[in-house]
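Descriptive structure summary
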Amino acid sequence: MKLVGIGFGNMVNAERIIAVVSPDSNPVKRMIATGKDNGMLIDATQGRKTKSVILMDSDHIVLSYLSVESLETKIGQEELE
């Protein structure tokens, strides 16, 4: 299991990430609302602005304050190790 930091000491399993997307589009906003209603939303922003949404293979949706580009770099580094 390879963990990747998503900010504030929070981590997710890099092997279970399906996608990292921007939270700005309406379909992603609807996905976040549905995840919240179903109890599948994990808010790891600690009150900061959500800059990326991580979709997991377990149908969990994780919100992060790190940008999509920052997470791309971190996940890429995990794959190299």
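For the structure itself, consult the block above.
So, a few notes on the structure that sits alongside this text. (Residues numbered from 1 in each chain as written. Predicted model: local features only at pLDDT ≥ 70, side-chain atom pairs only at ≥ 80, totals over all residues. Heavy atoms only, no water.)

**Some points on the overall build of the protein**
Broken down by element type, the protein carries two helices and six strands. Traced from its N-terminal end to its C-terminal end, the protein shows the element sequence β-β-β-α-β-β-β-α. Against the 2.2 N^0.38 benchmark of 12 Å for 81 residues, the protein shows a C-alpha radius of gyration of 12 Å, consistent with a compact globule. Once the C-alpha set of the protein is aligned to its principal axes, its extents read approximately 35 × 25 × 20 Å. Across the 81 residues in the protein, those meeting the buried criterion constitute 33%. Residue pairs at least 24 apart in sequence account for 48% of intrachain contacts in the protein once pairs closer than 6 positions are excluded. In the form shown here, the protein has an accessible surface area of approximately 5,100 Å², with 50% of it arising from carbon and sulfur atoms. (Helix = DSSP H or I, 4+ residues; strand = E, 2+ residues; numbered from the N terminus. Rg over C-alpha atoms; globule rule 2.2 N^0.38 Å. Buried < 20%, exposed > 50% of the residue type's maximum accessible area, 1.4 Å probe, protein only. Contact = heavy atoms within 4.5 Å. Areas by Shrake-Rupley, 256 points an atom, 1.4 Å probe, with all protein chains shown as cover.)

**Re helix α1 (residues 26-37)**
Its 12 residues give α1 an end-to-end C-alpha distance of 17 Å, which sits within 8% of 16 Å, the value for a rise of 1.5 Å per residue. Of the residues making up α1, those classed as buried are Val28, Ile32 and Gly35. Projected down its long axis, α1 carries its buried residues within an arc of 65°, all on one side. Exposed and facing more than 90 degrees away from the buried side of α1 are Asn26, Arg30 and Asp37. Of the residues flanking the end of α1, it is glycine 39, one or two places downstream, whose phi is positive at about 75°. (Expected span 1.5 Å × (residues − 1). Arc of directions from axis to C-beta.)

**Quick word on the side chain of serine 64**
Secondary-structure assignment places serine 64 in strand β6 (residues 61-64). On the accessibility criterion, serine 64 (0% relative accessible area) is buried. Here the side chain of serine 64 touches isoleucine 6 through a polar contact of 2.8 Å, landing on its backbone oxygen. At 3.1 Å, the side chain of serine 64 and the backbone nitrogen of leucine 66 are in polar contact. Ignoring anything within four residues of it in the chain, the contact list for serine 64 reads Ile6, Thr45, Lys49, Thr50, Lys51, Ser52, Ile54 and Leu71. (Polar contact = N/O pair within 3.5 Å; in protein donor to acceptor, adjacent residues only side chain to side chain.)

**Some words on the packing of aromatic side chains**
Evaluated as defined, the whole model comprises one aromatic pair. Aromatic side chains phenylalanine 8 and tyrosine 65 sit 4.6 Å apart centroid to centroid with 35° between the ring planes, which places their arrangement in the tilted category. In this pair, phenylalanine 8 sits in the loop between β1 (3-7) and β2 (10-13) while tyrosine 65 sits in the loop between β6 and α2 (68-80), placing the two residues 57 residues apart along the sequence. Take tyrosine 65: its relative accessible area is 24%, and that puts it in the partly exposed class. (Phe/Tyr/Trp six-rings, centres within 6.5 Å; stacked < 30°, edge-to-face > 60°.)

Worth remembering: the numbers are spatial, not functional.
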